[in-house]
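One-letter residues, chain by chain:
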Amino acid sequence: MKVYTVFFRWLHLDATRFGGLQLWLLFRALPAVVTAGMTLLLLWTSSVRAEDSVAQNEMDLNSVSAGQLLFQIKGSDQYSPALLHGSKVKIDISGMIATVAVEQTFRNDSEQVLEGVYAFPLPETAAVRYMEMHVGERRIVGKIRERAEARRQYEAAKTAGRKASLVEQQRPNLFTTSLANIAAGEVITVRLKYVQQVEYRGGEFALRLPTTITPRYISGTPLVATEESDVLQGPTLNAALGWAQATDQVPDATAITPWQLPQPGDDADPLNPLEISVRLDMGMPLANVEAPYHDIALSRRAGVYDISLAAGVAEMDRDFVLNWQPVRNALPTAALFTERVADEHYGLLMVMPPAIERTQVDIARDIIFVIDTSGSMGGVAIAQARASLLHALDKLHPQDRFNIIEFNSYHRALYTEPMFATRSHLRQARRFVRQLHANAGTEMLPALRAALDQPRAPDRAPPEDHARLRQVIFITDGAIGNELALFEEIHSLIGETRLFTVGIGSAPNSWFMREASRFGRGSHTHIASLDEVEKKMNRLFAQLSQPVALDVVVEWPMPVETWPQRLPDLYHAQPLMVAVKYGKHMPQGIVTIGASLDGKPWRQSIVLTSSADPEHGEGHKGVATLWARQKITGLMDMKVRGASESEVRAQVLPVALSHQLLSAYTSFVAIEERVTVPPGGPDATLPVANTRPAGQSPQTYAYPQTATTGPAKLWLGLLLLFAATLVRTLRQPEIDHKPRAQD
């Protein structure tokens, strides 16, 4: 303060040297001008952003009351109730295959004809193979069509006044249902059926059903949609239906960013109610059945379990997960499930390699931890992430080296290079982790590059340093929209590094978590509760320290088509799963599985027997669908490896159409023949909001770093102009004021 006073006193005494009293006043007013300018900038920017959000979606999120959401009708000051939504899910589990029926019901309580659009998640491995629409007593079965053709038929029906439903895949785990011409007071139900493979790991089976969507961060430069542009048309949705603007990295941003309702109070009815019923028939005795995130009612009869929600309904604000364990020694080490469809035979092979325990940890490792601290991690998620990372630090050994990278809109590393896990370094790392908090955007790509490009041991280092096992552990909710760019980067940079993903929160982007670890030749883990941190991080580090089954091969007694074609490495307690198409005849003979396990060869043989014969009926229903889904996934991987969109589409489309599957290039469309509302289209198009994930802080919907509002640019320009004028004035040459000679 003393320096400040002396400076301005000197400036006042010598004001004439710099331009007089005006410059003196300018300096005096500078702090106030800057403060006022920044305040107005923030207020104006916030106001414009809020106005843009309402203008884009015509929705007032503060109008939630008694499970309703009000939407502004175009061209007026009137508001109408949103379409009310509820879901019922029926799951039938047999062996390693689950068939699931999802029923979505929409009710129009307004006095207008509406079009509704609902974005919803499904498991990333789901193979959606059936859709139908119910209007009163009328049932219209959906047909699979090439995506652009399905959209064209839907739009034509909407304009003609016919009821229609369109189901599209936006991501393998994110879909949209569009409903045209829902009359006032009408109820429409859409039913979907899909097949899903049950997960098995560490002696435990699991099935995951996502119910809501964590808001995705949209990277890139915003695009301006024109009437000639198809960026916001065609396969994507109307720009008013999502909170995000399309960018050069995520051109379909509006389709994957549904608006969200705040969570209801503890005593309130669910805003988006969900009913779940499960029939579990594993054909073996079970030691335990549980749903860790929901209260369930369970009954058993003749070895078959019937499971439902204890309260009848639940809010759709978290993933539903069902876990079950067989009694000890009840699980076979190998199994083959088969199905015959249209005179074609298919199979699903499961093999569990033997476990090999090391008596001591003798692998020197470089482990890079990457932790997401973006805004979507706010609430309980960041606490789970910190706890997971702190527990991981406790598992390091003195010969390990490590580093930590945190990221949101930017990224920073704890060290410039990996450091040994000494007490001093670990103490510093724990202090670093405890100070992490969630805010800002999710610029994941630079952080991923930094992790995969971490400095290696210098040339002067001993040979054992160059032989270190390099592992990256990525802790995030995966809430991004540019997943494909991340997969391409992982495929390009992974080298000999292994990437392991840890999904955090009650509704993580499981597709990103699974695929990132697959391209990174690692594994994925989900942690949705602080109570799970120790158990699941222990399981992860058991995988990191145990031998991996490498160079896995499967030898069949006859030519077959298998997916995945490139078999993955297998970690501790992780089975091999292979989908196979035999052709017209079931093979006879022996299938042999081989691998290198802890440097030693391992082989196992299975005698092929068929349950898909006249004596056993058609076998395990859903095996053929899972094979087709696996093939589509493998073909879509070609894009990550550099294939063109047209090349991939040409191979995926015939498989999806033949097996009647929803995909990136096919959609289900159901159209009622008769005209039920006046032609011309609905009065308004409304989104059906999801419920905010449980435990997540309210989101301000992070915009890309490159998205700067007009007012922000204006105020920034004025401040820069002010600074430039000031600098120019100060750099003017001094004027030597000589006293005028007296006469």
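Above this text is the structure in question.
This report concerns the structure included in the present document. (Residues numbered from 1 in each chain as written. Predicted model: local features only at pLDDT ≥ 70, side-chain atom pairs only at ≥ 80, totals over all residues. Heavy atoms only, no water.)

## With respect to the overall build of the protein
Thinking step 1. What the protein contains, in helices and strands, is 13 helices and 38 strands.
Thinking step 2. Counting only residues that meet the buried cut, the protein has 52% of its 743 residues in that class.
Thinking step 3. Look at the contacts in the protein between residues 6 or more apart in sequence, and 74% of them connect residues 24 or more apart.
Thinking step 4. Carbon together with sulfur atoms contributes 53% to the accessible area of the protein, which is approximately 34,000 Å² in total. (Helix = DSSP H or I, 4+ residues; strand = E, 2+ residues; numbered from the N terminus. Buried < 20%, exposed > 50% of the residue type's maximum accessible area, 1.4 Å probe, protein only. Contact = heavy atoms within 4.5 Å. Areas by Shrake-Rupley, 256 points an atom, 1.4 Å probe, with all protein chains shown as cover.)

## A short note on the environment of glycine 599
Thinking step 1. Structurally, the position occupied by glycine 599 is in the loop between strand 34 (590-597) and strand 35 (600-607).
Thinking step 2. Judged by relative accessible area, which is 67%, glycine 599 ranks as exposed.
Thinking step 3. Distance in space between the C-alpha atoms of glycine 599 and valine 548 is 9.2 Å, their sequence separation being 51 residues.

## Details of the side chain of threonine 176
Thinking step 1. Residue position: threonine 176 is located in strand 11 (residues 174-182).
Thinking step 2. Its relative accessible area of 0% is what places threonine 176 among the buried residues.
Thinking step 3. Within the local environment of threonine 176, its side chain forms a polar contact with the side chain of glutamine 170, the two groups lying 2.9 Å apart. (Polar contact = N/O pair within 3.5 Å; in protein donor to acceptor, adjacent residues only side chain to side chain.)

## Focus on helix 5 (residues 423-434)
Thinking step 1. Between its first and last C-alpha, helix 5 extends 16 Å over twelve residues, near the 16 Å set by a 1.5 Å rise per residue.
Thinking step 2. Taken together, the buried positions of helix 5 are His425, Leu426, Ala429, Phe432 and Val433. Down the axis of helix 5, the sector holding all buried residues measures 120 degrees, keeping them to one side. Seen from the buried face of helix 5, the exposed residues on the opposite side, beyond 90 degrees, are Arg423 and Arg434.
Thinking step 3. If you follow the buried residues of helix 5, they end up packed against helix 4 (380-394), strand 25 (401-407), strand 26 (411-413) and strand 27 (419-420). (Expected span 1.5 Å × (residues − 1). Arc of directions from axis to C-beta.)

## What to know about the sheet that holds strand 31 (residues 549-555)
Thinking step 1. Spatially, 31-34-35 is the arrangement adopted by the three strands of the open sheet, whose pairing is antiparallel. Two strands bound the open sheet, and with one partner strand each, they are strand 31 and strand 35. Each neighbouring strand pair of the sheet contributes to a mean axis angle of 15 degrees, computed without reference to strand direction.
Thinking step 2. Summarising the sheet, strand 31 and strand 34 pair through five bridges and their orientation is antiparallel. Within strand 34, the position partnered with leucine 550 by the bridge is serine 596. (Pairing = 2+ DSSP bridges. Axes fitted to C-alpha atoms, helices over the stretch in contact; angles between N-to-C directions.)

## A look at the environment of proline 508
Thinking step 1. Within the secondary structure, proline 508 is located in the loop between strand 29 (498-504) and helix 9 (510-519).
Thinking step 2. With relative accessibility at 9%, the residue proline 508 sits in the buried group.
Thinking step 3. C-alpha of proline 508 to C-alpha of alanine 381: the two residues are 127 residues apart in sequence and 9.9 Å apart in space.
Thinking step 4. Apart from the residues lying within four places of it in its own chain, the contact partners of proline 508 are Thr214, Asp319, Asp477, Gly503 and His526.

## Let's talk about the pattern of salt bridges
Thinking step 1. A complete count under the given rule lists 38 salt bridges for this structure.
Thinking step 2. Here arginine 674 ties to glutamate 672 by a salt bridge, and the two come within 3.6 Å at their closest N and O atoms.
Thinking step 3. Of the residues examined, glutamate 672 reaches a relative accessible area of 5% and is grouped as buried.
Thinking step 4. A cluster of three or more residues bridged by salt bridges with shared partners is formed by Glu115, Arg147, Arg151, Glu155, Lys158 and Glu168. (Salt bridge = Lys/Arg side-chain N within 4 Å of Asp/Glu carboxyl O.)

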